[in-house]
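# Notes for the structure review
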Amino acid sequence: MNKKIFIVGLVAMVMMLSCNDNDTPVLTPTLTLSPISASLKVGEMTTIEASGTATNIEWTSSDTTVATVFHGIVTAHAIGSTKIVASSGKTQAACQVFVSGADGATLRITPAFVSMKKGETFTFKIGNTYDLPLTWTSTNPEIATVDAQGKVTAVAPGNATITMKTDIEQVTALVAVAHNWGEYSLVWSEEFDGDKVDESIWNYNLGGNGWGNNESQYYTNRPENIRLVDGCLEIEARKEKYENREYTSARIYSKGKKSFLYGKMEARIKFPGGKGTWPAFWMMGESGNWPKCGEIDIMEHVGSIDNRASFALHTQEKNGMNGKNWHGTHFFESPLSNDFHTYGVEWCQEEENGKDCIRFTVDGEVYATVWESKIDDPASWPFCQPHYFILNLAIGGSMGGAIDDAIFNQKRIMYVDWVRVYQRTEIID
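Residues numbered from 1 in each chain as written. Predicted model: local features only at pLDDT ≥ 70, side-chain atom pairs only at ≥ 80, totals over all residues. Heavy atoms only, no water.

What follows deals with unusual backbone geometry. Following Thr 110, the chain continues to Pro 111 via a peptide bond in cis, the omega torsion being -5°. By the element assignment, Pro 111 lies in the loop between strand 10 (107-110) and strand 11 (113-116). Each neighbour pair has its own omega, and for Trp 290 with Pro 291 the value is 5°, a cis peptide bond. Phi at His 71 takes a positive value of approximately 50°, unusual for a residue other than glycine. Here His 71 is to be found in the loop between strand 6 (67-70) and strand 7 (73-76). (Helix = DSSP H or I, 4+ residues; strand = E, 2+ residues; numbered from the N terminus.)

Quick look at the structure:
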């Protein structure tokens, strides 16, 4: 063998054997996504395609409340933006996903309602699809303040609306700061202790126009129909021809003289009973015409169903004329006309979660509760203004029904022992 060729070959072999794995070039996997940005509406889905040499790809979303991803399939859940990332080892690629509402809205604030205590803080979670500059405001900074990052501080009891807006759009949330109420105390009472109806408190309704309910009586202010006897108001319905009617009775109201906003309103009453009688203890708003002013029927009694108590609310949105008003009833074991009972409401301001409520009571026991359905909507809840009292005894009409004249063989009298109002004050920390 040629000695020179042998030496060259040996050197080449040594060089090959001296190479190790660290000298082998490593190829970085490639990974690209298509598209690299996407716009969706809440509820929509799209697929992001991954290409390249990368294998075992893992998918993640930077904000799963906005959108989630499963093997490249993206599902939009809420307004905002999120980054969808595909990873293979140290290799990554991303797609920015923008989510708007089904109606095209690009802002979101959650939750829409927050209940807080004085001194507490809370920061809203937001969705801002296009990351536009935000402005925050509070309708009542004396109740709750908000800073530039959406952090709310509860200052005092009450409700405040927080607004987050850009130059083109805004969203709101309600903050309710809980009250710390004291005990109820008596603030006013009418004991009917005089010898005649106190006209500094009460007005008379007079006439026989049916009173919007096809009632059959004529209301008068005669002592035959209304009087005070031994510390009790007596309203008597009579079968007698008077003006254009065959029956007489009485109705008094305290508008412009005594009205109240919130509290416990109660009256101790004995109803007359008898088919065709329709006594009531109720309240109407001082401002506006019916039904816009609001009506609280604390108690209505139909003599033909003597063991039933009825309660109702009338508003501009839901009232007796459109048949949508709220109403409730309760049946008792014995006729209500047998004895005196205390009928009342507990009318509470921002009692729970910033909402007002009205509870209907008989002898102190709650039989029905109505919560404010739309905060700050007078058409739905006009019970944010003072209401005055009404006491009356109607005959017949849409609720009283058919009249049995035989009931007038005995006197038909609605007895009212007293009317009382209790209120509570805020305990200031």
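Now that the structure has been shown, we can carry on.
As a further point, take the sheet that holds strand 6. Backbone-to-backbone hydrogen bonds pair the strands of a sheet. The strands run either parallel or antiparallel. Strand order across the open sheet formed by 3 strands is 3-7-6, with antiparallel pairing between neighbours. Looking at which strands have only one partner, the edges of the open sheet turn out to be strand 3 (45-47) and strand 6. Between one strand axis and the next, the sheet turns by 20° as a mean value, whatever way the strands run. Across 3 bridges, the pairing between strand 3 and strand 7 is antiparallel. Bridging from a neighbouring strand, Thr 47 pairs with Ile 73 of strand 7. (Pairing = 2+ DSSP bridges. Axes fitted to C-alpha atoms, helices over the stretch in contact; angles between N-to-C directions.)

Each pocket or cavity is described by its volume, and for the largest pocket that value is around 690 Å³. Residue lining of the largest pocket: 29 residues in total, with Asn 213, Trp 278, Glu 295, Glu 300 and His 314 positioned closest to the centre. Of the residues forming the lining of the largest pocket, the biggest block, 5 residues, is contributed by strand 30 (residues 308-314). Across the lining of the largest pocket, the residue classes tally to 11 nonpolar, 12 polar and 6 charged. (1 Å grid on protein atoms, 1.4 Å probe; cavity = no way out; pocket = protein on both sides within 12 Å on 5 of 7 lines; lining within 4 Å. Points joined across faces, edges and corners; volume = space filled by probe spheres on them. Nonpolar A, V, L, I, M, F, W, Y, C, P; charged D, E, K, R; others polar.)

Turning our eyes to something else, we now look at the side chain of Ser 100. Mapped onto the elements of the fold, Ser 100 is located in strand 9 (residues 91-100). Judged by its relative accessible area of 10%, Ser 100 is buried. Not counting residues up to four positions away in its chain, the partners in contact with Ser 100 are Leu 40, Lys 41, Val 42, Ile 79, Ala 105, Thr 106 and Thr 129. (Buried < 20%, exposed > 50% of the residue type's maximum accessible area, 1.4 Å probe, protein only. Contact = heavy atoms within 4.5 Å.)

Taken as a whole, this structure holds 19 aromatic pairs when the rule is applied. Between Trp 211 and Tyr 219 the ring centres are 5.4 Å apart and the planes differ by 50°, which places this aromatic pair in the tilted class. Across this residue pair, the class does not change: Trp 211 and Tyr 219 are buried. The lysine or arginine in question, Lys 239, covers the ring of Tyr 247, its NZ or CZ lying 5.2 Å from the ring centre. Above the ring of Trp 418, the side-chain terminus of Arg 420 is found at 3.9 Å from the ring centroid. (Phe/Tyr/Trp six-rings, centres within 6.5 Å; stacked < 30°, edge-to-face > 60°. Lys NZ or Arg CZ within 6 Å of the ring centre and 35° of its normal.)

Within the secondary structure layout, Asp 306 lies in the loop between strand 29 (295-300) and strand 30. For the buried Asp 306, no salt bridge exists, and the shortest N-O distance to an oppositely charged side chain is 7.1 Å, to Arg 412. Here the side chain of Asp 306 touches His 301 through a polar contact of 2.9 Å, side chain to side chain. Here Ser 337 takes part through its side chain, which lies 2.4 Å from a polar atom of the side chain of Asp 306. Non-local contacts of Asp 306, meaning those with residues more than four positions away in its chain, are made with Gly 273, His 301, Pro 335, Leu 336 and Ser 337. (Lys, Arg positive; Asp, Glu negative; His and termini not counted. Salt bridge = Lys/Arg side-chain N within 4 Å of Asp/Glu carboxyl O. Polar contact = N/O pair within 3.5 Å; in protein donor to acceptor, adjacent residues only side chain to side chain.)

Within the secondary structure layout, Ala 309 lies in strand 30. Apart from the residues lying within four places of it in its own chain, the contact partners of Ala 309 are Met 299, Glu 300, Gly 328, Thr 329, His 330, Phe 332 and Leu 336.

With that settled, the discussion passes to the pairing of strand 8 (residues 80-88). Buried residues dominate strand 8, accounting for 7 of its 9 residues. Of the strand pairs in this sheet, strand 5 (residues 58-61) and strand 8 are connected by 4 bridges, and their pairing is antiparallel. Looking at the pairing, Ser 61 lines up with Ile 84 of strand 8. Sheet analysis places strand 8 next to strand 9, joined by 9 bridges and oriented antiparallel. What sits directly across from Val 85, in strand 9, is Ala 94. In this structure, the hairpin formed by strand 8 and strand 9 is closed by a connection of 2 residues, where Gly 89 is found at a positive phi of approximately 65°.

Along the chain, Val 114 turns up in strand 11. The exposure class assigned to Val 114 is buried, which follows from its relative accessible area of 6%. Between the alpha carbons of Val 114 and Gly 208 there is a distance of 51 Å; along the sequence they are 94 residues apart. Among all residues touching Val 114, those that are not within four sequence positions of it are Phe 122, Phe 124, Leu 174, Val 175 and Ala 176.

A few words now on the environment of Pro 378. Tracing the chain through its elements places Pro 378 in the loop between strand 34 (365-371) and strand 35 (387-395). Spatially, the C-alpha atoms of Pro 378 and Thr 342 are 30 Å apart, while their sequence positions differ by 36 residues.

Here we take up the pattern of salt bridges. Using the criterion set out here, one finds 14 salt bridges in the structure. The closest approach of N and O atoms between Glu 234 and Arg 227, which form a salt bridge, is 3.0 Å. Each member of the pair, Glu 234 as well as Arg 227, is classed as buried. The closest approach of N and O atoms between Glu 240 and Arg 238, which form a salt bridge, is 3.3 Å.

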